[in-house]
Amino acid sequence: TGSSRPQRMLKAVQKNATKGDPQSVISAIDYYCRHKEWAMNVGDEKGLILDSVLTEVNPSMALELGTYCGYSSVRIARLLSPNSKLITVEFNPAFAAIARQIIAYAGLQDKVTIVEGPSADLIPKMKERFGLKSFDFVFLDHWKDRYVPDTKLLEECGLLKKGTVLLADNVICPGAPEYLKYVRNNPRYESRYYKSYLEYTKAEDGLEKSVFLG
Ligand SMILES: C[C@H](C[C@H]1O[C@@H](n2cnc3c(N)ncnc32)[C@H](O)[C@@H]1O)NC(=O)c1cc(-c2ccc(F)cc2)cc(O)c1O
Ligand SMILES: [Mg+2]
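Residues numbered from 1 in each chain as written. Chains lettered and ligands numbered in written order. Predicted model: local features only at pLDDT ≥ 70, side-chain atom pairs only at ≥ 80, totals over all residues. Heavy atoms only, no water.

1. Considering the coordination of the magnesium ion (ligand 2)
Protein coordination at the magnesium ion (ligand 2) comes from Asp141 (OD), Asp169 (OD) and Asn170 (OD1), with a distance range of 2.0 to 2.3 Å. Written as a sequence motif, the donor residues of the magnesium ion (ligand 2) are D-x27-D-N. One end of the pair, Asp141, is in the loop between strand 4 (135-140) and helix 8 (147-156); the other, Asn170, is in the loop between strand 5 (160-168) and helix 9 (171-175), and 29 residues separate them in sequence. Judged by relative accessible area, which is 3%, Asn170 ranks as buried. (Donors = N, O, S within 2.8 Å, 3.2 Å for Na, K, Ca; no water. Helix = DSSP H or I, 4+ residues; strand = E, 2+ residues; numbered from the N terminus. Buried < 20%, exposed > 50% of the residue type's maximum accessible area, 1.4 Å probe, protein only.)

2. So, the confidence of the model for the chain
Confidence in the prediction of the chain, expressed as mean pLDDT, is 98, and 100% of residues score 70 or more. The complex model carries a pTM of 0.99, and its ipTM stands at 0.99. (pLDDT = per-residue confidence, 0-100.)

3. Re unusual backbone geometry
Geometrically, the link from Cys173 to Pro174 is a cis peptide bond, its omega value of 5° lying close to zero. Inspection of the secondary structure assignment puts Pro174 in helix 9. A positive phi angle is found at Asn58, which is not glycine, with a value near 45°. With respect to the helices and strands, the residue Asn58 is situated in the loop between helix 3 (43-57) and strand 1 (61-65). Asn58 sits in the partly exposed class, given a relative accessible area of 41%. Unlike most non-glycine residues, Tyr200 shows phi in positive territory, near 65°.

Written as structure tokens, this is what we have:
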């Protein structure tokens, strides 16, 4: 049987990027997905918004839901201060295996912990497993109908604190209408929409940034 799209993406990184250079890994994936084969990374345009929010928040503990091949894990981890960490959750073992290799190629394996399994099972175990109190930043990029239940779960598990920033991908395409309703009509969140484009296309998409008010 042939290779998979994630395997071809990894090959493109190994061929075109420089080991230990996160920016070259990001550029190699963006080039491959824009000119060779589309893939569901947050991409270069929404990636710049992700970068700016990360720089503003400067999180010590970051969480990502939906690793896929690790593109946004590299984007996030490359901007973290020393001793800051990213935990990223992926339930597809084949995707997680590729992500581990892409994150390691970028030299960011010491800052990123990939946890395999469904977010709903893993979120309640985060505190005991990682000895953490709460997250400063959460990037939601997994199944779009899991954004609301997992946000509620993060609240219930006491993993959000006053000022925690949630950043959600794909709120327009494929769309997360229930999530937008939840965070925009909720006195516990201050939300703002960043209009952009679906990765590597001219279709509209955007990121919703929501600050938890405690
Ligand atoms: C959902 C995927 C991203 C990954 O999330 C993991 N995952 C899921 N649910 C869970 C869980 N509950 N726990 C842990 N991991 C979990 C999965 O295995 C994928 O690897 N992302 C997308 O489907 C996605 C799709 C599009 C897209 C847009 C226009 C089109 F025409 C076609 C596709 C764009 C994007 O930007 C995406 O992000
Ligand atoms: Mg996405």
